[in-house]
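# A structural walkthrough
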Amino acid sequence: MCGIIGCTGNQPVRNIIINGLKQLEYRGYDSAGIALFDPKTGIILKKKVGRVADLEAATENLETVAGCGIGHTRWATHGGVTEANAHPHQVGHVTLVHNGIIENYRELTTEYGLKDVLKSETDTEVVAALLDRLYEGDPMKTIKKVVNLLAGSFALCIMFDDQPGKIFTIRNVSPMVATHFKNEDGTEGSLIASDLVALIDYSKEYFVVPEYHILTLKEDGIEVHDLKGNEVKPEILTVSWDINAAKKGGYPHFMLKEIYEQPEALERTIQPRVVNGLPDFTEDGIDDEVFKNLKQITVVACGTAMHAGIVGKSLIESTLRIPVLTEIASEFRYKDPIIDESTLVVVVSQSGETIDTLEALRLAKKKGSKVLSIVNVKGSTIARESDYVLYTHAGPEIAVASTKAYTVQVSAFYLLAARIGFVKGIVSEEDTRKFVANLSQAGALIEETLKSANDVKRIANHIKTAPDLFYIGRGIDYTMSLEAALKLKEISYIHAEAYAAGELKHGTIALIAENVPVIAIATEEHVYAKVISNVREVKARGAYVILISHDDKEESKEVCDKQIKIPASDSAMSVFATAAIVQLIAYYTSDAKGLDVDKPRNLAKSVTVE
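Structure report, in brief. (Residues numbered from 1 in each chain as written. Predicted model: local features only at pLDDT ≥ 70, side-chain atom pairs only at ≥ 80, totals over all residues. Heavy atoms only, no water.)

## Overview of the nonpolar core
When a protein is soluble and globular, its nonpolar side chains tend to lie buried together. Within the largest apolar cluster, 121 residues are counted, with the highest numbers of intra-cluster contacts made by Phe291, Ile297, Leu372, Tyr414, Tyr471, Phe576 and Ile585. Looking at which element gives the most residues to this core, the answer is helix 20 (residues 571-592), with 14 residues. Beyond its immediate chain neighbours, meaning those up to four positions away, tyrosine 414 contacts Val311, Leu315, Phe435, Leu439, Ile476, Ala572, Met573, Val575 and Phe576. Counting residues in hydrophobic clusters, the runner-up holds 27 residues, among them Tyr105, Leu131, Val146 and Val147. (Core = buried A, V, L, I, M, F, W, Y, C linked by side-chain atoms within 4.5 Å. Buried < 20%, exposed > 50% of the residue type's maximum accessible area, 1.4 Å probe, protein only. Helix = DSSP H or I, 4+ residues; strand = E, 2+ residues; numbered from the N terminus. Contact = heavy atoms within 4.5 Å.)

Here's what the structure looks like:
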């Protein structure tokens, strides 16, 4: 979850590290810290509770030419939000930053008698103390010895006080990427970080740090060795998106920018996979044989990615009649799932590093299932370990609340459904072409929908003071309600719940009281009348009703207080328009309350710890 960065070069690195932490702050923003290796005074350590801006202010008058340093922005796991618990942690000869969780830190503390040297409540400081306890002047040997003792996930950036200008790193599960840069003005250096967004101002070439390999970052390059001491040449990758995609570009918040980026993200995800009007995964290296033989599909994901999978389930089961199970990754990995070689397991993760999803993937492979991943980050761990990969090409998503990642994940499921139906002969070529043609207009549909932003803003101003809010819908609209409620909860802090509209009378209608906002989604024609009937039920009990639909029926206007009209489309494609509306509702409600839209409390973007 936390953001880490390290840099060593022939220029002062304080600003490079601070700017990198600003880019990484979406990964955690409880506290921040920096350690700089000054050639005259040794390691300078500064930590602050709060945002990176507080750390920046606390270090702006530092008089140092330090060309080597590490930084950290924290999402608290072990220990409260205090300066003592903030990273970097320093014990004796060792200063380090850490992303992950060390599961056996208590046992290590006892076994190696570390209790008296620890000043924080964190598992991270135990690693620093252990490295210092075992250090005899050889960093590589010591790191190898220590990581063999650790249980859990970790990405570590380490400085030893007798190794000036060098940063040593190693990881297990928790992500890290690295690059070396050399500029025309003669400045050069080596960078490592949790995410590409902290590197792209310096180089578009990078590599994913391989697990259980020790990196030595120096001014003139990066050495990579496995734990046997063999030198390894990592695969160099190139950033495929515009560097400006990680900037706000004039928008007040990243979330709003990313909502408006959805048409382009959908275009990049869909169009390369349409050949002669049909879905085609040749360039993705996905063999049709995996579709021909499957008997069931199991979707494994967390949060918003899980909701995208539920939309996929709705489409696949209704059109292809293939059973689809949707599983929360954190539950899937701790049970004995009913999957085998005839099951296609689809794992979904924006970052490609979500720890529960990664472990679920590994379990599925052990049980003999083929695994297809839908991810956004090239070279991510989930992508590398999957049998097949569908990259969503959304570009960087910085806001904690996911928007464009969700709609491109839905589009990926739609492409899969179309290809599976065509390959298995369930859907005719003509109907497949028609479906793909409609899907190709998803971006345009969102673009048209976003013209309603001002109407949504007015509604958000009305509901911003509500302590509770309910979304209702049927069929695919109910699946959209799940994501809508999550979005509103996570950034506006309004208690929001999604209910299948037909279930209201089975208990939940007891929650409806005078002026409680109820947002009804009604885009499916075959259950439209049923939803309107449910709307009448809540309206009769005093609810303030907002209706999302694509009709001008007088009946609709009579039963609601406000209507948000979305462009006409078939029910399968309406999900894209509906997604844009519920994202705007969440965004404008949070903004109207004066909250930090991009950095909601207690949340971080990439969940790389349990």
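## Concerning the sheet that holds strand 26 (residues 562-565)
If you walk across this open sheet you meet the 5 strands as 23-22-24-25-26, and the pairing is parallel. Unpaired on one side and paired on the other, strand 23 (495-500) and strand 26 mark the two borders of the sheet. The sheet shows a mean angle of 20 degrees between the axes of neighbouring strands, direction not considered. Bridging between strand 24 (residues 517-522) and strand 25 (residues 544-549) involves 6 bridges; their strand directions are parallel. By the bridge assignment for strand 25, isoleucine 521 is matched with isoleucine 548. Strand contacts of helix 18 (residues 528-539): strand 22 (468-473), strand 24 and strand 25, with the helix running at about 170 degrees to strand 24, the strand carrying the most contacts. (Pairing = 2+ DSSP bridges. Axes fitted to C-alpha atoms, helices over the stretch in contact; angles between N-to-C directions.)

## Looking at the pattern of salt bridges
In total, this model carries 23 salt bridges according to the counting rule given. Between glutamate 289 and lysine 292 there is a salt bridge, with the nearest N and O atoms lying 3.2 Å from each other. Taken together, the residues glutamate 289 and lysine 292, both in helix 8 (residues 289-292) and 3 residues apart, mark about one turn of the helix. For lysine 292, a relative accessible area of 44% puts it in the partly exposed group. A salt bridge links aspartate 455 to arginine 458; the shortest N-O distance between them is 2.3 Å. (Salt bridge = Lys/Arg side-chain N within 4 Å of Asp/Glu carboxyl O.)

## Some remarks on the pairing of strand 22
In terms of burial, strand 22 is largely enclosed, as 5 of its 6 residues are buried. Once the chain exits strand 22 it traverses helix 17 (residues 476-492) before rejoining the sheet at strand 23, and the crossover so formed is right-handed. Here 3 bridges tie strand 22 to strand 24, and the two strands are oriented parallel to one another. The partner of phenylalanine 470 across the bridge, within strand 24, is valine 518. (Right-handed = clockwise from strand over helix to strand, strands pointing away.)

## So, unusual backbone geometry
Cis peptide bonds are those with omega within 30 degrees of zero, and the linkage from histidine 87 to proline 88 qualifies with 0 degrees. Residue placement: proline 88 occurs in the loop between strand 4 (68-74) and strand 5 (89-91). Of note in the backbone geometry, asparagine 276 takes a positive phi value of approximately 55 degrees without being a glycine. By secondary structure assignment, the location of asparagine 276 is in the loop between strand 15 (274-275) and strand 16 (278-279). By relative accessible area, asparagine 276 is classed as exposed at 65%. The backbone of asparagine 515 sits at a positive phi, close to 70 degrees, despite the residue not being glycine. Mapped onto the fold, asparagine 515 is located in the loop between strand 23 and strand 24. Take asparagine 515: its relative accessible area is 54%, and that puts it in the exposed class.

## What about the environment of alanine 58?
Inspection of the secondary structure puts alanine 58 in helix 2 (residues 52-59). On the accessibility criterion, alanine 58 (38% relative accessible area) is partly exposed. In this structure, the C-alpha to C-alpha distance between alanine 58 and leucine 325, residues 267 residues apart in sequence, is 51 Å.

## Quick notes on the packing of helix 16 (residues 453-463) against helix 20
Relative to each other, helix 16 and helix 20 sit at 50 degrees, their axes nearing to 8 Å. It follows that helix 16 is oblique to helix 20 by the angle criterion. You can see that helix 16 and helix 20 cross each other, and the crossing is right-handed. On the side of helix 16, the interface is formed by Ala453, Val456, Lys457, Ala460, Asn461 and Ile463, while helix 20 contributes Ile581, Leu584, Ile585, Tyr588, Thr589 and Ala592. Residue classes in the contact of helix 16 with helix 20 are distributed as 9 nonpolar, 2 polar and 1 charged. (Parallel < 35°, antiparallel > 145°, perpendicular 65-115°, else oblique. Left-handed = near helix turned anticlockwise from the far one by under 90°. Nonpolar A, V, L, I, M, F, W, Y, C, P; charged D, E, K, R; others polar.)

## Describing the packing of aromatic side chains
Working definition: an aromatic ring pair is given by the centre-to-centre distance plus the angle between the planes. Counted by the stated rule, this structure contains 10 aromatic pairs. Summarising the aromatic geometry, the rings of phenylalanine 154 and tyrosine 212 are spaced 5.9 Å apart at their centres and angled 85 degrees between planes, so their arrangement reads as edge-to-face. Separated by 58 residues along the polypeptide, phenylalanine 154 in strand 7 (residues 152-160) and tyrosine 212 in the loop between strand 11 (205-208) and strand 12 (213-218) bring together distant segments of the chain. Judged by relative accessible area, which is 29%, tyrosine 212 ranks as partly exposed. Three or more aromatic residues joined by ring pairs make a cluster, and in this case those are Tyr135, Phe160 and Phe168. Over the aromatic face of tyrosine 493 sits the side chain of arginine 601, whose NZ or CZ is 3.9 Å from the ring centroid. (Phe/Tyr/Trp six-rings, centres within 6.5 Å; stacked < 30°, edge-to-face > 60°. Lys NZ or Arg CZ within 6 Å of the ring centre and 35° of its normal.)

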